Amino acid sequence: MAASNYSLKVNRQLLDPSFESYRLSLDPLPIYKIELDAGVAEVKLRDNQYTLDHVRAFGMYNYLHIDPWYEDSVYYIDQMNRVLNLTVTLDTALGKPREVFRIPSDLSTCENRLCASLSFVSSTWVALSDGTGKLCLLRTSKRGDSAHAKWEMLFNQDIGEPFIIINSLSYVSTGTHTVEALLLRIEKDESDVKGSGFSVSLEWLSITNTGGQEQETKYEITKRRILHGKSVPHYAAIEPKGEGLMIASGKPFKFTHVDGKPLEEDDEKPMEVEEKTVPIYYWQQTAEDLTVTVRLPEGTTKEAIEFKLSMDSLNVGLRGYAPLIKGQFSSLVDTEASTWILKDDKSLEITLQKKDEGAMWPELIIGDQRGEFIMDQAQAALIHERLTHLTSEDLATDPGKDKPPCNAQELEDCDIFPEDSSSLTRFDGSSLKATHVVNLGSHQYLFTVDVSPSEMPCFCLRHDVDALLWQPHANEQDNMWEHAATFNALGYVQASKRDKKFSTCAPNYSYAALCECLRRVFIYRQPSPVSTVLYNRKQGRQVGQVAKQQVASLDSSDTVLGFRATNERLFVLTSKNLFVIKVNNEQ
């Protein structure tokens, strides 16, 4: 059965079309600095790790880990192989990070090791990779209750080539405890002679307590599934109870092995794509509708046109000939409000009213490459001009002039998207087949964040100028990806930060934050009511809400290695220091 094509449904109530800009606030941000006893266990890229995928997976790795079950509790691994924890209760009385576990193996002897990685499985379990190919499962007891309890290792096995853990979870089914873990590797691929020479491997492990109640500490790998792809996924997460897997990536993944045995190839031949020549049709879109222009032979009459339109498909052609456009729409249209006219006897202009207003279509007809999308250049230039004032790093020297404050950096490349069209795919855990596919088009991936420990991680995408946060719901077929929050203009803003390394947001969506490679942190708060009366000078109207931008500069010249956010605080990790920035006061 073929996978169904879906689109992400934007919640219009979460958009603010009248959003103007972020106002630079000089309100002080309390910053606390903790000196580390030993440096962070950073593993730099080797000479043979030269591809963009290596940089994305390992070079940009976030060495700071946050505990979704216990707010304001972060972890990192130092050069002495210690897992260290800092839990903040009072900012003015920060203690030193305390050791909760020490990796038993000597990591320095492994030449091709990766950075050690940590993943919080549940409120009482943690998965740990030492970077040499070993996977450990640690029972932690309730981390919030026993502040000084050391972690107990109940599973330790060499899984193969070095990997990092990108997701994990646990559940109990019919009295049996199972841990699911997703591991990422980048492997040399001799068959890839035209590409980088590497492929990306995802290994999905199920580790189960096979000892029963008599041997609660006996855990074994009960299932191993391997997927291969050609790019590091932007997002990859296992569904609750291991019922499926969701992957967002620039290039597709597919399952290749189960328990060491290769899967049989499908008999279906891949669809041949015709070499692209002159487009048969052109199309444009706004938030409300689409306009399609079809080229016709000169002198074509209305009677010669065959036109069939339904909510989800279109069939257009000339009598006696193969259809010019035929197939399923990317989303639904309102047939009653859609029309077509014949222009100059040589082109057909079709106006389609979107059923879901606001959602931008990645393509007109799913899989049809005979058309070309045209952006209105005048409209694009107008939008670009209007958006250049959204943020400022310096206050305007003369606010009276009819000229908005501008960024210190030029923004010519802000709206350039990757050439590859990313997709979001949901795989069934039993059949290992793709069941849902969303073409993300030019919706640039921004970051992944854990908002709730009971839900899958959220992912943030750029939609036009905004950044939209999406919450996956594996069990809700009609709302599998919920538009949970919007960060106004953040998609545009983040593109101007050329030195950006990490992005994230608060679990309660109260702010988003960007961190540069060195020193600077940018905080973008959601609009909030103002106590004093403000007026927009150009429009002469009162402003009821203001969105603030704040900039924090860290007392450090070291590269930032980790960046995490809670509702109240931002944590920034460098090789020698851990910084705590107080962003919000406790509600």
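Residues numbered from 1 in each chain as written. Predicted model: local features only at pLDDT ≥ 70, side-chain atom pairs only at ≥ 80, totals over all residues. Heavy atoms only, no water.

Another point: the overall build of the protein chain. In terms of helices and strands, the protein chain carries 3 helices and 41 strands. Burial statistics for the protein chain: of 587 residues in total, 48% are counted as buried. Of all intrachain contacts in the protein chain linking residues separated by at least 6 positions in sequence, the fraction that spans at least 24 positions is 58%. Counting only carbon and sulfur atoms, one obtains 48% of the accessible surface of the protein chain, whose full area is about 29500 Å². (Helix = DSSP H or I, 4+ residues; strand = E, 2+ residues; numbered from the N terminus. Buried < 20%, exposed > 50% of the residue type's maximum accessible area, 1.4 Å probe, protein only. Contact = heavy atoms within 4.5 Å. Areas by Shrake-Rupley, 256 points an atom, 1.4 Å probe, with all protein chains shown as cover.)

This next bit is on the nonpolar core. L184 and L245 are the most contacted members of the largest nonpolar core, which has 43 residues in total. The dominant element in this core, judged by the number of residues it contributes, is strand β14 (residues 198–209), at 4 residues. Those residues in contact with L184 that sit more than four places away from it in its chain are A57, F58, F163, I164, I166, V200, S201, L202, V232 and P233. (Core = buried A, V, L, I, M, F, W, Y, C linked by side-chain atoms within 4.5 Å.)

With that settled, the discussion passes to helix α1 (residues 52–59). Each turn of an α-helix holds 3.6 residues, which means side chains three or four residues apart point in the same direction. D53, H54, A57 and F58 are the residues of α1 that are buried. The buried residues of α1 occupy an angular sector of 95° when the element is viewed end-on, so they sit on one face. If you follow the buried residues of α1, they end up packed against β12 (164–173), β13 (176–188) and β14. (Arc of directions from axis to C-beta.)

Time to look at the side chain of S201. Note on placement: S201 falls in strand β14. Residue S201 is classed as buried on the basis of its relative accessible area, which comes to 2%. For S201, the contacting residues outside a window of four places in its chain are L183, L184, R185, E187, I226, L227 and H228.

Moving on to the sheet that holds strand β6 (residues 82–87). One open sheet holds the 4 strands; their spatial order is β4-β5-β6-β7, and the pairing between them is antiparallel. Each of the sheet's edge strands pairs with one partner strand only, and the pair in question is β4 (65–66) and β7 (98–102). For strand β5 (residues 73–77) and β6, the ladder comprises 5 bridges, and the chain directions are antiparallel. Paired with S73 across the strands is T87, a residue of β6. (Pairing = 2+ DSSP bridges.)

This brings us to the pattern of salt bridges. Scanning all chains against the criterion turns up 25 salt bridges. Taking the shortest distance from any N to any O, the salt bridge between K33 and D555 comes out at 3.4 Å. Here K33, found in strand β3 (residues 31–35), pairs with D555, found in the loop between β38 (541–553) and β39 (560–565); they are 522 residues apart in sequence, far enough to count as distant. The exposure class of K33 is partly exposed, given its relative accessible area of 39%. One continuous salt-bridge network, built from bridges that share partners, spans D72, D91, E568, R569 and K582. (Salt bridge = Lys/Arg side-chain N within 4 Å of Asp/Glu carboxyl O.)

Once that is clear, we can look at the sheet that holds strand β41 (residues 577–582). Strand order in this open sheet of 4 strands is β3-β41-β40-β39, and the pairing throughout is antiparallel. A strand with exactly one partner marks an edge of an open sheet, and here the two such strands are β3 and β39. When strand polarity is set aside, the average angle formed by the axes of neighbouring strands in this sheet is 15°. As paired elements, β39 and strand β40 (residues 569–574) share 5 bridges and run antiparallel to each other. Counterpart to F563 in the pairing with β40 is V572. (Axes fitted to C-alpha atoms, helices over the stretch in contact; angles between N-to-C directions.)

On to the pairing of β12. Sheet analysis places β12 next to β13, joined by 9 bridges and oriented antiparallel. The residue bridging S170 from the neighbouring strand is V179, located in β13. Connecting the antiparallel pair β12 and β13 is a turn made up of 2 residues, with T174 showing a positive phi of about 45°.

Turning our attention to unusual backbone geometry. Here the phi dihedral of N81 falls at roughly 65°; this positive angle occurs in a residue that is not glycine. With respect to the helices and strands, N81 occurs in the loop between β5 and β6. Not every positive phi belongs to a glycine, and L432 is a case in point at roughly 65°. Turning to its location among the elements, L432 is positioned in the loop between β28 (422–428) and β29 (434–441). Since its relative accessible area comes to 11%, L432 is described here as buried.

Here the focus is a negative patch on the surface. Together, E455, E476, D478 and E482 line one region of the surface with negative charge. Here E455 shows up in the loop between β30 (445–449) and β31 (458–463). (Patch = residues over 30% accessible without salt bridge, like charges linked within 9 Å, V, L, I, M, F, W, Y side chains within 5 Å. Lys, Arg positive; Asp, Glu negative; His and termini not counted. Charge placed at Lys NZ, Arg CZ, Asp CG, Glu CD.)

Throughout the structure, instances matching the rule amount to 0 disulfides. Not part of a disulfide, C460 finds its nearest cysteine sulfur in C505, a span of 6.7 Å. (Disulfide = S-S within 2.5 Å.)

Before going further, it helps to spend a moment on the pairing of strand β32 (residues 466–472). Taken across its 7 residues, β32 has 7 buried, putting it largely inside the fold. The side-chain alternation of β32 yields two buried faces, one formed by D466, L468, W470 and P472 and the other by A467, L469 and Q471. Here 5 bridges tie β31 to β32, and the two strands are oriented antiparallel to one another. What sits directly across from F459, in β32, is W470. The pairing of β32 with strand β33 (residues 481–487) spans 6 bridges and is antiparallel. Bridging across to β33, Q471 finds its partner in E482.

Another point: the packing of aromatic side chains. In this description, an aromatic ring pair is defined by two values, namely the gap between the centres and the angle between the planes. Within the structure shown, the criterion is met by 12 aromatic pairs. Here Y50 and F198 contribute two aromatic rings whose centre-to-centre distance is 5.6 Å and whose plane-to-plane angle is 75°, an arrangement assigned as edge-to-face. Taken together, the residues Y50 in the loop between β3 and α1 and F198 in strand β14 connect sequence positions 148 residues apart. Owing to a relative accessible area of 53%, Y50 belongs among the exposed residues under this scheme. A network of ring pairs unites the aromatic residues F19, Y22 and Y524 as a single cluster. The ring centre of F198 lies 4.5 Å from the NZ or CZ of K188, which sits over that ring. Here the basic side chain of R225 rests over the ring of W204, its NZ or CZ set 4.0 Å away from the ring centre. (Phe/Tyr/Trp six-rings, centres within 6.5 Å; stacked < 30°, edge-to-face > 60°. Lys NZ or Arg CZ within 6 Å of the ring centre and 35° of its normal.)

Turning to the confidence of the model for the protein chain, a few remarks are in order. Looking at the protein chain as a whole, the pLDDT averages 84, with 83% of positions reaching at least 70. Within the protein chain, strand β16 (residues 235–238) carries the highest mean pLDDT (97), whereas helix α2 (residues 377–387) carries the lowest (52). Predicted confidence for residues 267–276 stays below pLDDT 50, and this span has 5 contacts to residues more than four positions away or in other chains. Under a pLDDT of 50 for its full length, residues 392–420 has, in the predicted model, 48 contacts with residues more than four places off or in other chains. (pLDDT = per-residue confidence, 0-100.)

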